[in-house]
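Chain and residue survey
Spelled out from the first residue to the last, the chains are:
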Amino acid sequence: MTYHGKTDRTRAAYERVLRKFETFLDEEQGVGPAAAEHRDCMAWIHRLRGTVAESTVATYAAYLHRFYAYMTQVGTFDGNPMTLVVEEMDERINTDPTRREISVSEMRTFLGDIAHPLDRALLVTMLKTGVRVGELCNLDLRDLSIPETRETLDVAVRPQLDGRGDALFVAADRAVGDVTEGERRTAANKRKRATVIPVDDELRRSLVRWLAVRPDSVSRADPLFVGTGDSWGRRVTPHVVHHAVETHASDHGWHRDGGGAEENVTPHYFRHFFTTHLRDRTGDRGIVKYLRGDVASDIIDTYTHDWGDRVRRTYEENIYELT
């Protein structure tokens, strides 16, 4: 999982689930994972029901199924006892659960209470671009093309941004553990293809305000977002972003410990907010998928070649104002 770029958060979730299953087998079934059969796995699923949400049951089952599939594939285990279990289950992993509905005006009020330049820049960037938290953390100064980086700071912005005006470049080739300019990355980018996202005046203002107080980076990679506290000058991590979002959301009544995706506002919620509101405003699923980095090469090439006329125009005409 490490080599495939999975985050610490994801790896910890897998380990937590697998350890629970291992404990159940030992205490209730008297076997180990290698000797577990279909009935042992099904007994664990039945044990979970009623203690966690149905979507969580499906997620735990998927983790276990992937574990056994891998162990079988590499020849460590003889078979995958979860295959029949997942076929018999009625649950499906809910990849887009019902979430809290927040209007643009409500989000405006939420942001109005956030004054810290770094926190505000992080949140506005996620809300206006739909980038994942790992992609946000991996941004470097050269990924941002605005007058303040091109001219004031004299940054050599990426060639992919040439002729695109104010824009942000989100790479698709970042993995946990990659080393860039001597700096080891702690987050991964999950997009299928690199993406150029327009930067409107509102996002630019938030970024300029941040750049005015941004500490000098300790990394030659020159991250766009760096710490202002204990991690002064070091690239922000997903943990830092999650903590900032959850703190502000808690203060606003949008997050509580133990709450699920249906209730809590997290960094991933901002990607959902971006997708929902921009799709509703444009009626163009293709452009939204392009901006999210979710589309295949043939479709993304169409938008890349028609970026200025179609992507920027559609984005600027429909992106919501948050201030």
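Summarised in this report is the structure supplied together with it. (Residues numbered from 1 in each chain as written. Predicted model: local features only at pLDDT ≥ 70, side-chain atom pairs only at ≥ 80, totals over all residues. Heavy atoms only, no water.)

Considerations on the layout of surface pockets
The following threshold applies: With a 1 Å grid spanning the protein atoms alone, the term cavity applies to any set of points in which a 1.4 Å probe fits but cannot get out, the term pocket to an open set with protein on both sides within 12 Å along at least five of seven lines, and the term lining residue to any residue with an atom within 4 Å of a point. Grid points are joined across faces, edges and corners, and a volume is the space filled by probe spheres set on the points. In this description a helix means any DSSP run of H or I spanning at least four residues, a strand means any run of E spanning at least two, and both kinds are numbered starting from the N terminus. All residues other than Ala, Val, Leu, Ile, Met, Phe, Trp, Tyr, Cys, Pro, Asp, Glu, Lys and Arg, Gly among them, are scored as polar; the first ten of these are nonpolar and the last four charged.
Its boundaries defined by the atoms lining it, the second largest pocket holds a volume of some 160 Å³. Lining the second largest pocket are His 116, Leu 118, Asp 119, Leu 122, Gly 227, Thr 228, Gly 229, Ser 231, Val 236, Val 240 and Ala 244. Elements with a contribution of two residues or more to the lining of the second largest pocket: helix H6 (117–129) and helix H10 (238–251). Each residue belonging to the lining of the second largest pocket can be placed in one class, and the counts come to five nonpolar, five polar and one charged.

As for the packing of aromatic side chains
The line we're drawing: Stacked, tilted and edge-to-face are the three classes assigned to paired rings of Phe, Tyr and Trp, where Trp is represented by its six-membered ring and a pair needs centres within 6.5 Å; plane angles under 30 degrees give stacked, over 60 edge-to-face, the rest tilted. The classification of residues rests on relative accessible area computed with a 1.4 Å probe and restricted to protein chains. Under 20% of the type maximum is buried, over 50% is exposed, and intermediate values are partly exposed.
Evaluation of the coordinates by the stated rule reveals ten aromatic pairs. Taking 3.9 Å as the distance between ring centres and 20 degrees as the angle between the ring planes, the aromatic pair formed by Tyr 14 and Tyr 63 counts as stacked. Note that Tyr 14 is positioned in helix H1 (residues 8–29) and Tyr 63 in helix H3 (residues 54–73), a separation of 49 residues in sequence. A relative accessible area of 13% places Tyr 14 in the buried class. Three or more aromatic residues joined by ring pairs form one cluster here, namely Phe 21, Trp 44, Tyr 60, Phe 67, Tyr 68 and Phe 77.

Focus on the packing of H6 against helix H11 (residues 267–282)
Convention followed: Inter-axis angles, ranging from 0 to 180 degrees, are taken between N-to-C directions of lines fitted to C-alpha atoms, where helices are fitted over the stretch in contact. For this analysis, residues touch if any pair of their heavy atoms sits within 4.5 Å.
One way to put it is that H6 packs onto H11 with a least axis distance of 7 Å and a crossing angle of 35 degrees. Within the contact between the two elements, H6 uses Leu 123, Met 126, Leu 127, Lys 128 and Thr 129 and H11 uses Pro 267, Phe 270, Phe 273 and Phe 274. Of the residues in the contact of H6 with H11, the class split is seven nonpolar, one polar and one charged.

Brief notes about the environment of Leu 278
Inspection of the secondary structure assignment puts Leu 278 in helix H11. Residue class for Leu 278 comes out buried when judged on its relative accessible area of 1%. Along the sequence, Leu 278 and Ala 167 sit 111 residues apart, while their C-alpha atoms lie 17 Å from each other. In this structure Leu 278 touches Gly 283, Val 288, Leu 291, Tyr 315, Asn 318, Ile 319 and Tyr 320, once residues within four positions along its chain are discounted.

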